Amino acid sequence: MEQSGLFKDNSAADRYLLRNCRIYDGSGQGCYSGEILIREGRIAAIGRDIKAEACEVIDMKDMAVAPGFIDIHRHADLQPFHWPDSGCELMQGITTMISGNCGFSPFPLLVERMNACKEFVEPLLGRLPEKAVEWTDFDSFLHAIRKKELNVNQGTLVGNGILRVAVNGTGDGPVPDRKMRQIEERLKEALQHGAFGLSMGLMYAPECYYSEEELGRICKVAAAYGAVITVHLRGEGSMADASVREVLRLCRSTGAHFHISHLKAAGRDNWGPPFEKILDLLYEARLEGLPVTWDAYPYEAGSTTLTTLLPPWALAGGTEKILERLRDTRCRQRILADLGKRQSSWDNLVYATGWDRVTLLSGTKAAQIGKNIGELARENGVPPEEMCLDILLEDACETGIAFFHMDEQDVRKVIGLKETAVISDSIYSQKGFTHPRSTGTYPKLIQEYVNGRKDFTMEEAIRKCTSLPAEYMGIRDRGRICAGYYADIIAFRPEEFVSRSTYEKPGELPAGMKYVFVNGRPAVRQGNIVRLDAGRYLTKERESNDDR
């Protein structure tokens, strides 16, 4: 994930005049021609024939000039610690990203449960640094990350999953009242120090063991701080309807803004009409006045860990307990039986989709990477369910997968909705990027949805990636080309801005991004990265209405 051939920008100027701009201001309204004056990190003026002294003039002829893209769902929590030279964010136009998604954040980490915390977060976020033992709360994490140089702006949510693991461990069952109060207090601390909101990953253990009553109690704390609550639904396939209804009930009972992460229809049986019913349900809720929003990524495959395909009961207790069950003959047979049939209490997505659509992205056997489990099962003469469990044992439950469980028409449908913010849902790991969305989401959107099929206009595409996600997360003074806003600005030629990443080569950087300004400082010039230190760590200022 390193960017080779880094050019150093030795310019001392803090004033730039961008001329001959075709401005897409992020509002979704029509583009217009003009000039942009950048001064001291912000947009000082927009107009024609701007007079300014002592500034560098840059010609943007034939380029689309837009606000920097805001990726509000990027598992880049540890990027500044492990991959500070990553160029994939800047080269696809990202200037701000929000991490801490799906219930996973690298804080709070409690010493007495450090092993459980590591087992929980590392498969998704990457290896925790040695000094992570000090991240007992958001404030300590904030102190550590603000010592790092950031290539783009970054902020975070606090993960509901890690809150539970840190306080209560990885077991199933109800959380005792004393520990629920501890979870609430740690959530308050994170929100008071500027976390943008709470993220829930209800598909993942141990969050999947929460009752709706327990979730309501936690969500009321977030609501008291006016914090957004993002939700990886409990089920995205046959349980999607029930899972969305659960979110809407929580929305009604708490008054919080709920934001559904990577909205999708997973599994063949749920494509088409069933997904339309889910969308109708969401629009009815919005007409009712409920503050519910969503985002999506423009790919038919998701990326996660192979363990997520197992039944929830098999995931209790963490990695060692899972491995024990995989080795135990009786437990193993129960898991195999569960995987081989439709379930009513949890989403058995692989039954609805097929093992040929589960491709290995990472693991201990290089020869298996890039092959699907159905293919590997046939090669080894075993049922695919057996192959799955064997792989998990070999990889100690650290296998990464691409799951092709969506339909292209459904993806196009949800991306095209005016309420949909576009995200990448990127995952970083020590083994490099494993899904093309990490490096190709935003050029793919322009390349296919605007230039190719013309599903919507360039203006609308830019809005979905800038002002809309900024609105959903409550990010101030970013996401628009507007006087007084921070000068997070990108420039590209639409016909040249293309994704080059594939599932075979997911780390390939896109082409066509010519200029990127982060906080008014040029990070990309003429298609080359010139600095990786222009970002800031963002926090959310808020007041609490919590009088409990």
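Once a new chain begins, its residue numbering starts again from 1 and follows that chain's sequence as written. Confidence filtering applies because this is a predicted model: local features only for residues at pLDDT of at least 70, side-chain atom pairs given and counted only at 80 or more, and all residues used for totals across whole chains, interfaces and linings. The side-chain numbers reported here are obtained from all heavy atoms of the structure, hydrogens and water having been left aside.

Think of it this way: any DSSP run of H or I at least four residues long counts as a helix, any run of E at least two long counts as a strand, and we number them from the N terminus. For the chain, the count of helices and strands is 18 helices and 23 strands. For the radius of gyration, the atom set is restricted to C-alpha positions; the globular benchmark scales as 2.2 Å times the number of residues to the power 0.38. Relative to the compact-globule value of 24 Å for 548 residues, the chain shows a C-alpha radius of gyration of 23 Å, a close match. Principal axes of the C-alpha set define a box for the chain whose edges measure 80 × 60 × 50 Å. The cut-offs for exposure are 20% and 50% of the maximum accessible area for each residue type, with area from a 1.4 Å probe on protein chains only; residues under the lower value are buried, those over the upper are exposed, and the others partly exposed. Counting all 548 residues of the chain, 61% fall into the buried class. In this description, contact between two residues means that some pair of their heavy atoms is separated by no more than 4.5 Å. Looking at the chain alone, contacts between residues at least 24 apart form 76% of all its contacts between residues at least 6 apart. This count recognises Lys and Arg as positive and Asp and Glu as negative, with His and chain-terminal groups excluded. Taken as the charge location is NZ of Lys, CZ of Arg, CG of Asp or CD of Glu. Averaging the coordinates of the 69 positive side-chain charges in the chain and doing the same for the 77 negative ones gives two points 1 Å apart.

Our focus in this paragraph is unusual backbone geometry. Here F107 and P108 are connected by a cis peptide whose omega angle stands at -5°. One can find P108 in the loop between β8 (94-99) and α3 (114-125). The residue after A205, namely P206, is reached through a cis peptide bond having omega 5°. Position of P206 relative to the elements: it lies in the loop between β11 (197-201) and α7 (212-224). Its identity as a non-glycine residue notwithstanding, E40 has a phi of 50°, on the positive side. For A54, which is not glycine, the phi dihedral falls at a positive 55°. For A54, the position within the fold is in the loop between β3 (42-47) and β4 (56-59). What makes A54 exposed here is its relative accessible area of 74%.

Attention now moves to the pairing of strand β22 (residues 521-525). In terms of residue burial, β22 counts as a mostly covered element, since four of its five residues are buried. Between strand β21 (residues 513-518) and the antiparallel strand that follows it, β22, lie two residues; N519 among them carries a positive phi value of about 55°. Taking the residues between adjacent antiparallel strands as the criterion, β22 and strand β23 (residues 528-529) are bridged by two residues, where Q526 takes a positive phi near 50°. Being paired, for any two strands, means DSSP has found at least two bridges between them.

For our purposes a nonpolar core is just a set of buried Ala, Val, Leu, Ile, Met, Phe, Trp, Tyr and Cys residues, chained together by side-chain atoms within 4.5 Å. L90, W135, L198, M200, I229, F258 and I415 are the most contacted members of the largest nonpolar core, which totals 132 residues. A total of seven residues in this core trace back to one element, the largest contributor, which is α3. Non-local contacts of M200, meaning those with residues more than four positions away in its chain, are made with C102, G103, N160, E207, L215, C219, I229, T230, V231, H232 and F258. In this structure, C208, I322, L389 and C397 belong to the second largest nonpolar core, which totals 33 residues.

The next subject is the pattern of salt bridges. By convention in these notes, a salt bridge is any Lys or Arg side-chain nitrogen within 4 Å of a carboxyl oxygen on Asp or Glu. In this structure the tally under the stated criterion is 31 salt bridges. For D477, the salt bridge is made with R42, and the minimal N-O distance between the two is 3.5 Å. Separated by 435 residues along the polypeptide, D477 in the loop between α18 (467-473) and β20 (489-492) and R42 in strand β3 bring together distant segments of the chain. For D477, a relative accessible area of 26% gives the class partly exposed. Overall, the relative accessible area of 28% leaves R42 in the partly exposed class. E460 is the salt-bridge partner of R463, the closest N and O atoms lying 2.8 Å from each other. Taken as a pair, R463 and E460 lie in helix α17 (residues 458-465) at a separation of three residues, close to a single helical turn. Counted as one network, the salt bridges with shared partners bring together D177, R181, E184 and R217.

The subject of this paragraph is the packing of aromatic side chains. Side-chain rings of Phe, Tyr and Trp, where Trp is taken by its six-membered ring, are said to pair if the distance between their centres is within 6.5 Å; with planes under 30 degrees apart they count as stacked, over 60 as edge-to-face, and otherwise as tilted. Throughout the structure, instances matching the rule amount to 16 aromatic pairs. With a centroid separation of 4.4 Å and 10° between ring planes, the pair formed by F104 and F120 is classed as stacked. Note that F104 is positioned in the loop between β8 and α3 and F120 in helix α3, a separation of 16 residues in sequence. Take F120: its relative accessible area is 9%, and that puts it in the buried class. Pairing F141 with Y537 gives two aromatic rings, centres 6.3 Å apart and planes at 75°, and the pair type is edge-to-face. Remark: Y537 occurs in the segment after β23 and F141 occurs in helix α4 (residues 138-145); sequence separation between them is 396 residues.

As a further point, take the sheet that holds strand β15 (residues 302-305). Taking strand neighbours across the sheet as the criterion, the three strands line up as β15-β17-β16 in an open arrangement whose pairing is antiparallel. Unpaired on one side and paired on the other, β15 and β16 (358-362) mark the two borders of the sheet. The mean inter-strand angle of the sheet, taken between neighbouring strand axes irrespective of direction, is 35°. As paired elements, β15 and strand β17 (residues 400-403) share four bridges and run antiparallel to each other. Across the sheet, residue T304 finds its bridge partner in β17, namely I401. Axis definition: a line fit to C-alpha positions, over the contact stretch in the case of helices; interaxial angles, taken between N-to-C directions, run 0 to 180 degrees.

The strand order across the open sheet built from three strands is β6-β8-β9, with neighbouring strands paired in parallel fashion. Since the sheet does not close on itself, it has two edges, and those belong to β6 (69-71) and β9 (153-156), each with one partner. Sheet twist, expressed as the average angle between the axes of neighbouring strands with direction ignored, equals 15°.

A residue's pLDDT is the confidence the predictor assigns to it, expressed on a 0 to 100 scale. Averaged over every residue, the pLDDT of the chain is 94; residues scoring 70 or more account for 96%. Taken element by element, the predicted model of the chain shows its lowest mean pLDDT in β15 (88) and its highest in β6 (99). Predicted confidence is poor over residues 1-12, with pLDDT under 50, and the contacts of this stretch with residues over four places away or in other chains come to 28 contacts.

Each turn of an α-helix holds 3.6 residues, which means side chains three or four residues apart point in the same direction. Burial in helix α11 (residues 329-339) covers these residues: R332, I335, L336, D338 and L339. Each buried residue of α11 lies within a common arc of 165° when the element is viewed along its axis, so the set occupies one face. α11 presents T329 and R330 as exposed residues on the side facing more than 90 degrees away from its buried surface. In this fold, the buried residues of α11 make contact with α10 (319-327), α12 (349-353) and α14 (384-394). The arc refers to the directions leading from the helix axis to the C-beta atoms.

Another aspect to go through is helix α5 (residues 160-168). Burial analysis of α5 places nine of its nine residues in the buried class, which makes it a mostly covered element. Elements in contact with the buried residues of α5: α3, β10 (158-159), α6 (177-192), β11 and α7. Phi turns positive one or two residues past the end of α5, at G169, with a value near 85°.

Another point: the side chain of D488. For D488, the location among the structural elements is in the loop between α18 and β20. A distance of 2.7 Å separates polar atoms of two side chains, one belonging to D488 and the other to R478. Excluding anything up to four places from it in sequence, D488 contacts A66, P67, G68, T95, T96, N153, R478, F517, V518 and N519. We call two N or O atoms a polar contact when they sit within 3.5 Å, provided that within protein one can donate a hydrogen and the other can accept it, with sequence-adjacent residues counted only if both atoms are side-chain atoms.

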